[in-house]
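Below, each chain spelled out in residue letters.
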Amino acid sequence: MQLYYHPFYSDLILPERHRFPIQKYQLLKTEIENLGVSAIHFQEPKKVTASQLALCHSQRYINDFLNGTLSDKAIKKMGFPYSQQLVERTLLSIGGSIQAAEAAFSHDLTFNLSGGYHHAYSDFGSGFCIFNDLAIAATHLIDTEQADTVLIFDCDVHQGDGTAQITQNYNQIITCSIHCDQNFPRNKQESTYDFALPAKTADDEYLVTLRQALDFCVRIHNPDIILYNAGADIYTKDELGLFNISLNGVYERDLFVLNFCKQHQIPLMCALGGGYQRNLSSLINVHKQLFKAAIDL
């Protein structure tokens, strides 16, 4: 496996009590190393280019973000205070997803220790998502003829609304979102496939849906690569999630996706997605299930 990480992922000064757990990336990297993953598996990403951003985002929005000319309303919707630090971090984290997606063809299984920014629309950011890394990575792979068909398999507790909006006219990008129907965003978009589960969904129902959804998408579309949003916010103790999924349920989800791709010889790139607990050690433990699953393959 290969993992993409940059210290800038957690290098962002946020207001006290800000909802986004920015330190989780740095802490998770340490925990992954403690699992026995050596430094040789980690790569530092390069920044996404403006032309790569333009594959999925309007030039005006890109310019406004890069030049610091976003409106106050746009910054509020984005969820982060604007800073040059935010620009650097964003460009690196998006670059990490693109490079991890490319590397999956030679390494079979790759990770970006960031990413999953599925609420970013073509012309605005939303819900802590500024640019849509998985949509950009998918479009880049098709644009550079590295893939004919890409499946974005989104298992964050929130619907991948921005991903659905951006890719609606791309027949070669299949979007599948398994999410909580009653959760953010209020106004859902139309993915290729949406599996909207009710609040309080527990392990058994969730895992049955997951297995059927992934098997169906692969049988019907035969993707060249899968980009997986492994949101930790399906966990029962997540403060912005409404599911009742146990820690073992998170592990079983991740193990199934990883093992399915291994068995079917489909390159897999994983992004971290959401996870919102004030207790950082508990949050890291949920994200860590993805890497425990990778080691247990």
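On a predicted model such as this, the values are computed, not experimentally measured, just so you know.

S.K.: So what's going on with the overall build of the protein chain? Residues and values would help.
M.R.: Along its length, the protein chain carries 10 helices and eight strands. Overall, the C-alpha framework of the protein chain stretches about 45 × 40 × 40 Å when taken along its three principal axes. Contacts spanning at least 24 positions in sequence make up 74% of the contacts within the protein chain whose residues lie at least 6 apart. For the protein chain, the accessible surface area stands at approximately 12200 Å², while carbon and sulfur atoms represent 47% of it. Separation of charge centres in the protein chain, based on 22 positive and 32 negative side chains, amounts to 7 Å.

S.K.: Give a detailed account of the nonpolar core, specifying residues and quantitative values.
M.R.: One broad rule of soluble globular proteins: the nonpolar side chains tend to lie buried together. With 100 residues, the main nonpolar core has F153, L227 and Y228 as its most contacted residues. It is helix α5 (residues 84-107) that contributes the most residues to this core, 10 residues altogether. Dropping the residues within four chain positions of it, L227 is found in contact with A101, L134, A137, A138, V150, L151, I152, F153 and M269.

S.K.: Residue-level account of the packing of aromatic side chains, with values.
M.R.: Given two aromatic rings, one states the distance between the centres and the angle between the planes to describe the pair. Enumeration over the complete set of coordinates arrives at 17 aromatic pairs. Note on Y5 and Y9: the rings are 5.6 Å apart at their centroids and 75° apart in plane angle, and the pair reads as edge-to-face. Per residue, the accessibility class of Y5 equals that of Y9, and both read buried. Aromatic ring contacts, followed pair by pair, group Y5, Y9, F20, Y25, F80, F128 and Y276 into a single cluster. A cation sits over an aromatic face here: K29 above F42, 4.8 Å from the ring centre.

S.K.: Help me get a handle on the sheet that holds strand β1 (residues 2-4), residues and values and all.
M.R.: Strand order in the open sheet made by the eight strands is β2-β1-β3-β8-β7-β4-β5-β6, with parallel pairing throughout. Of all strands in the sheet, those with a lone pairing partner are β2 (42-43) and β6 (193-197), marking the two edges. Sheet analysis places strand β4 (residues 150-154) next to strand β7 (residues 225-229), joined by five bridges and oriented parallel. Paired with F153 across the strands is Y228, a residue of β7. Relative to strand β3 (residues 109-112), α5 is tilted by about 175°, and along the sheet it contacts β1, β3, β7 and β8 (268-271). Lying on the sheet, helix α9 (residues 247-263) is in contact with β3, β4, β7 and β8; it crosses β7 at an angle near 170°.

S.K.: Go over the packing of helix α1 (residues 24-34) against helix α10 (residues 280-296), please, and point to the residues and values.
M.R.: Contact geometry for α1 and α10: axes closest at 9 Å, N-to-C directions at 55°. The orientation of α1 with respect to α10, classified from their angle, is oblique. Judged by the twist between their axes, the crossing of α1 over α10 is right-handed. Note on element contacts: α10 touches α1 through L280, L283, I284, H287, K288 and F291, opposite K24, L27, L28, E31 and I32. Taken together, the residues of the contact of α1 with α10 sort by class into seven nonpolar, one polar and three charged.

S.K.: Requested: an account of the layout of surface pockets, with residues and values cited.
M.R.: Each pocket or cavity is described by its volume, and for the largest pocket that value is around 290 Å³. Forming the boundary of the largest pocket are 22 residues, of which H119, G127, F128, H158 and Y276 lie nearest the centre. Partitioning the lining of the largest pocket into residue classes produces nine nonpolar, 10 polar and three charged.

S.K.: Can you tell me about the environment of T139, naming the residues and giving the values?
M.R.: With respect to the helices, strands and loops of the structure, T139 is situated in helix α6 (residues 133-143). Here the alpha-carbon distance between T139 and L255, two residues 116 residues apart in the chain, equals 27 Å. What T139 contacts, discounting residues up to four positions off in sequence, is L55, C56, Y170 and I173.

S.K.: Any details on α1? Residues and values, ideally.
M.R.: Among all positions in α1, only K24, Y25, L28, K29 and I32 are buried. Buried residues of α1, viewed axially, fall in a sector of 135°; they line one side.

S.K.: Break down unusual backbone geometry for me, with residues and values.
M.R.: For residues besides glycine, phi is generally negative; the peptide bonds are generally trans as well. Here the bond from F184 into P185 is cis, since omega is 0°, no more than 30 degrees from zero. Phi at E145 takes a positive value of approximately 60°, unusual for a residue other than glycine. Structurally, E145 can be placed in the loop between α6 and β4. Judged by relative accessible area, which is 72%, E145 ranks as exposed.

S.K.: Outline the environment of P185, supporting the account with residue identities and numerical values.
M.R.: Tracing the sequence through the fold places P185 in the loop between β5 (173-180) and β6. Sequence separation between P185 and I225 is 40 residues, and the spatial gap between their C-alpha atoms is 27 Å.

What counts and what doesn't
Residues numbered from 1 in each chain as written. Predicted model: local features only at pLDDT ≥ 70, side-chain atom pairs only at ≥ 80, totals over all residues. Heavy atoms only, no water. Helix = DSSP H or I, 4+ residues; strand = E, 2+ residues; numbered from the N terminus. Contact = heavy atoms within 4.5 Å. Areas by Shrake-Rupley, 256 points an atom, 1.4 Å probe, with all protein chains shown as cover. Lys, Arg positive; Asp, Glu negative; His and termini not counted. Charge placed at Lys NZ, Arg CZ, Asp CG, Glu CD. Core = buried A, V, L, I, M, F, W, Y, C linked by side-chain atoms within 4.5 Å. Buried < 20%, exposed > 50% of the residue type's maximum accessible area, 1.4 Å probe, protein only. Phe/Tyr/Trp six-rings, centres within 6.5 Å; stacked < 30°, edge-to-face > 60°. Lys NZ or Arg CZ within 6 Å of the ring centre and 35° of its normal. Pairing = 2+ DSSP bridges. Axes fitted to C-alpha atoms, helices over the stretch in contact; angles between N-to-C directions. Parallel < 35°, antiparallel > 145°, perpendicular 65-115°, else oblique. Left-handed = near helix turned anticlockwise from the far one by under 90°. Nonpolar A, V, L, I, M, F, W, Y, C, P; charged D, E, K, R; others polar. 1 Å grid on protein atoms, 1.4 Å probe; cavity = no way out; pocket = protein on both sides within 12 Å on 5 of 7 lines; lining within 4 Å. Points joined across faces, edges and corners; volume = space filled by probe spheres on them. Arc of directions from axis to C-beta.

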